[in-house]
Each structure stands twice: as structure tokens, then as C-alpha cells.
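# Examination of the molecular architecture
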Amino acid sequence: MNSPGDTSRRDFLAAGLGLPALEPGGLRYRTLGKTGLKVTTLGMGCVLITDPSVVARAADLGINHFDTARDYQGSNSERTIGPALKSRRKRLVIGTKTGAETTKGVLADLELSLRELQTDYLDILYIPGKKKASEITGEVLEAHRIAKQQGKIRFTAVSTHAGHAEVIGAVLRNPAIDVLQTSYNFTMEKQIEGLIDAAAKKGLGVIAIKVMAGGYRPGGRRREGVMPAALKWVLRNPNVHSTAVSMADMEQLEENLRAVPEPFTQRDRQLLAGQLERIQPLYCRMCGRCEGSCPKGLPVEDMLRCLTYAEGYGQFAYGRENFRMLPAAARKVRCGDCAVCPVDCPYGIQISARLSRAQEIFA
Ligand code: SF4
Ligand code: SF4
């Protein structure tokens, strides 16, 4: 189901992937809330991009929303995608993120981002990965105010993948924030739908992340339809204006482009039910319920996230890189040594076994 405001880009195939079987219909556009930006519902998350030709191809095929961050790919992501997007800049919506926590730090990072992305403005600057309302600070918002005044950014966004109710509640109350980026996929509890609806009603632009719920592909096969079904599930919701879907290669780009115009079917529903059962013991939904419950201080969610990069998305090096940035306890405390593990996951993840696995493969 597409929203009434969708428009199709029927000529996008004219650019051609050189593949015969792509169906006509192409991309869909929605308006990113009060920003007024017209964005493709399929947006490109650049966290796994190492090949700039994939980004260039996506832009040529009509995707107009690109999402990156200062620290993706060992701080190389912006440098990789900037030259590929430069000649197409005017028709694109580009967002990036900095985790800096001071006004000075955010503004300094913004200068770096502008340089590496080879542009003199950003459409969206994110306050990323917030789990608590108190993490959206006056210091950081002040940097955004200054950057807006200087014409260096157009809109402010907050991204979250844990503590949704609290963080989205704070976003709704803060008129300085224009865009919400939130995890949203078929594994999540119903509560998220209400929060997204409230954000859209308030005029916020809404961008979904973690759309593929870890990207776990049964038996490593790519074309069995689970990932397209996951994308279609998210795009059914007209209050989601765009997505930031990680696409590392042409095959993933092509698979997602094919899915956009397709309806969500009963078969998709069955595929996702099977996938949910399969990934239940593996995929951390980052619900936050176990936060702080390891008495030895292991950052459970973050360690599981690194494992998902490696085992779900198939990006071992990226998983290891993120694992190495975690607090020292993640490497020093031997998880398997506890007689009993008090960390309980309501979704059935065997915490001790999974964290031991992370320590084993990233050691
Ligand atoms: S491990 Fe389980 S309880 Fe902890 S954040 Fe992930 S899904 Fe939630
Ligand atoms: S088994 Fe691992 S997660 Fe559980 S309490 Fe011990 S160190 Fe923490």
C-alpha cells in the first residue's frame, strides 16, 4: 500500500541497470514532514558502502536520499560517497551524523563533514543514537541553531534505536527538531507504530532505519524474498516518509529497487513470520530492557549489534571495528565464566552464549 501522496518515477528504468526483468513503476516519493523535502521512500544508508560506484548508480537510478555519518567505515564513509554524489548534489537530500557532545565539537565535525562530502550545506544533521531524552542536550542543539543560521545545515534530526517512547516523546516536545529517524521493522512491538503516527501528525519527517532487522538471510541466500518483504512491510506505513537501508553492492540495490513498487502480499507475511522465528534467538531488537543488567558491566546491546553486523549483514570487519570501540569490559571480562547469567532477554536471546561468541570471533 502506498500513501495517496506517492508519485511514481516511471522513467527510472530508462537509466537502466542493464537487467532485463525489473518491473516498471519505479521509485515512490513522499514529503519529509515539515521540511517539505520530496524524498524517495527507498533511501540509501551508507554505513556499509566501500564502493562509490554503488552510490553513484543509486543516484542515477533516482534514489535521492543518502544517509551517512562521520564515523561510518572508520570515518571513511563521507570521503567515499562525497565525490560520487558531487555532480548530482542539487537534487539530493544528504544527511550525516556526529556524536560530538559540545557546541564546538559538533561545529568542528560539521566542517569536516562538509569538506569530505564536497558540499557547502547538509540537508539533515543528526543527533545520533539517542536512548534517553536527557541525551538531547542544549549544547548540541545550540550547534545546530548556529549551523542553520550560517546556512550550513537545513534541518535537525534525532535518531534512536532504543528507548523509543522516551526519546520520541522528547522529540515531539522540541520544536527545534525537524526529523525523527527511528528503528522500525517487522520484529518490533506495536507501540512503535503509535509513536511514528504521533511524530508524523506533529509534522516531523520520519525516516526508518534497521528496516531489515539485522539482514539475516536464510542459508546466506539473497533472493529468497525475505529482505524485500521486510522493506515492503515498512513502506506500507504512509507515516514513514523515507528509509535508510544499508546497501553495500549492486545486488542489494537492485533487489530493493525491485521491491519498492510491489504490494505487500500474504506470501510476504508468511516469509516474515518464518524469518521472525529463525532470527528470534539471534537478533537483538535493542529494546533496552536488559540495559545495565550485566553485573560485570558488559554492554550487552552493543556487543550483540557488532555480532549482527558480522553474522547478519555479513560485514565481519565492520563488526570487529565497532567491537574494538566498545568499553574495555567487552574484551576483558570473559562472559562464559559466570555460573549463572542474570541478564534476561524476553525475546529468547541466549545472552551468555551470544556474547561469548562475539568475544570469540572478534578477539
Ligand atoms: S538482548 Fe533482548 S532484552 Fe536486551 S536489548 Fe536486545 S532484545 Fe532487548
Ligand atoms: S554471563 Fe556474561 S552477560 Fe551474563 S552476567 Fe556474566 S558477564 Fe554478564
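Residues numbered from 1 in each chain as written. Chains lettered and ligands numbered in written order. Predicted model: local features only at pLDDT ≥ 70, side-chain atom pairs only at ≥ 80, totals over all residues. Heavy atoms only, no water.

### Digging into the overall build of the protein
- Broken down by element type, the protein carries 14 helices and 11 strands.
- Taken over C-alpha atoms, the radius of gyration comes to 20 Å for the protein, in line with the 21 Å a tight globule of 363 residues would show.
- In terms of overall dimensions, the protein has a C-alpha envelope of 60 × 50 × 35 Å along the principal axes.
- Taken across its 363 residues, the protein has 57% of its residues classed as buried. (Helix = DSSP H or I, 4+ residues; strand = E, 2+ residues; numbered from the N terminus. Rg over C-alpha atoms; globule rule 2.2 N^0.38 Å. Buried < 20%, exposed > 50% of the residue type's maximum accessible area, 1.4 Å probe, protein only.)

### Let's talk about the domain arrangement of the protein
- What the domain assignment reports for the protein is domain 1 (12-273) and domain 2 (300-362).
- Computed from C-alpha coordinates alone, the two centres of domain 1 and domain 2 are separated by 26 Å.
- On the side of domain 2, 12 residues touch domain 1, which itself brings 14 residues to the contact.
- Of the roughly 1100 Å² buried between domain 1 and domain 2, counting both surfaces, carbon and sulfur atoms make up 49%.
- Of all residues in domain 1, Leu 48, Gly 214 and Tyr 216 give up the largest surface area on contact with domain 2, accounting jointly for 39% of the area buried on that side.
- Summed over the shared surface of domain 1 and domain 2, the number is one salt bridge.
- Where Lys 131 meets Glu 301, a salt bridge forms, and the shortest distance between an N and an O atom there is 3.8 Å.
- At the surface where domain 1 touches domain 2, the tally comes to three residue pairs in polar contact (both at pLDDT 80 or more). (Domains from an automatic or database assignment. Contact = heavy atoms within 4.5 Å. Buried area = accessible area lost by both parts, 1.4 Å probe. Salt bridge = Lys/Arg side-chain N within 4 Å of Asp/Glu carboxyl O. Polar contact = N/O pair within 3.5 Å; in protein donor to acceptor, adjacent residues only side chain to side chain.)

### Some remarks on the packing of aromatic side chains
- For the coordinates displayed, the defined rule picks out five aromatic pairs.
- With a centroid separation of 5.0 Å and an interplanar angle of 45°, the aromatic rings of Tyr 184 and Trp 233 are classed as tilted. Of this pair, Tyr 184 sits in the loop between strand E8 (179-183) and helix H7 (191-201) while Trp 233 is found in helix H8 (residues 226-235), placing the two residues 49 residues apart along the sequence. We note that Tyr 184, like Trp 233, is buried. (Phe/Tyr/Trp six-rings, centres within 6.5 Å; stacked < 30°, edge-to-face > 60°.)

### Comments concerning H7
- For H7, every residue scored as buried is listed here: Ile 192, Glu 193, Leu 195, Ile 196, Ala 199 and Ala 200. Relative to the axis of H7, the buried residues are bounded by an arc of 165° and lie together on one face.
- Where H7 is buried, its residues contact helix H6 (164-173), E8, strand E9 (205-209) and H8.
- A positive phi of about 95° marks Gly 203, the residue just after H7. (Arc of directions from axis to C-beta.)

### Things to note about helix H10 (residues 266-279)
- Taking 1.5 Å as the rise per residue, H10 with 14 residues should run 20 Å; its terminal C-alpha atoms sit 20 Å apart, in good agreement.
- Of all the positions in H10, only Asp 268, Leu 271, Leu 272, Gln 275 and Ile 279 are classed as buried. Here the buried residues of H10 occupy an arc of 95° about the axis, which is enough to place them on one side. Exposed residues lying more than 90 degrees from the buried face of H10 are Gln 266, Gln 270 and Glu 277. (Expected span 1.5 Å × (residues − 1).)

### Observations regarding the site of ligand 2
- Surrounding ligand 2, one finds Cys 294, Pro 295, Leu 298, Cys 335, Cys 338, Cys 341, Pro 342, Val 343, Ile 351, Ser 352 and Leu 355.
- By residue class, the composition of the shell around ligand 2 is 10 nonpolar, one polar and no charged. (Near = heavy atom within 4 Å. Nonpolar A, V, L, I, M, F, W, Y, C, P; charged D, E, K, R; others polar.)

### Description of the nonpolar core
- Membership of the largest hydrophobic core comes to 74 residues, with the highest contact counts inside it found for Leu 42, Met 44, Ile 63, Phe 66, Ile 136 and Leu 231.
- A total of eight residues in this core trace back to one element, the largest contributor, which is H8.
- When near neighbours in sequence (up to four residues on either side) are disregarded, Phe 66 contacts Met 44, Cys 46, Val 55, Ala 58, Ala 59, Leu 85, Leu 92, Val 93, Ile 94 and Gly 95.
- Judged by nonpolar contacts, the second largest core, of 25 residues, contains Ala 310, Val 333, Cys 335 and Cys 345. (Core = buried A, V, L, I, M, F, W, Y, C linked by side-chain atoms within 4.5 Å.)

### Points about the site of ligand 1
- Near ligand 1 you find Cys 284, Arg 285, Met 286, Cys 287, Gly 288, Cys 290, Glu 301, Leu 304, Cys 345, Pro 346, Tyr 347 and Ile 351, and these make up its full shell.
- Looking at side-chain class alone, the shell around ligand 1 contains nine nonpolar, one polar and two charged residues.

### Considering unusual backbone geometry
- Although it is not a glycine, Gln 118 adopts a positive phi angle of roughly 55°.
- Note that Gln 118 resides in the loop between helix H4 (103-117) and strand E6 (122-127).
- By relative accessible area, Gln 118 is classed as partly exposed at 35%.

### Let's talk about the pattern of salt bridges
- Here the structure, examined in full by the defined rule, presents 19 salt bridges.
- Between Glu 262 and Lys 232 there is a salt bridge, with its nearest N and O atoms 3.2 Å apart. With Glu 262 in the loop between helix H9 (250-259) and H10 and Lys 232 in helix H8, this residue pair connects regions lying 30 residues apart in the sequence.
- A relative accessible area of 37% means that Glu 262 is categorised as partly exposed.
- Judged by its relative accessible area of 8%, Lys 232 is buried.
- Salt-bridge contacts for Lys 232 lead to Asp 268; the nearest nitrogen and oxygen are separated by 2.8 Å. Of this pair, Lys 232 sits in helix H8 while Asp 268 sits in helix H10, placing them 36 residues apart in sequence. Per residue, the accessibility class of Lys 232 equals that of Asp 268, and both read buried.
- Several salt bridges converge on common partners, so that one network encompasses Arg 70, Glu 78, Arg 79 and Glu 116.

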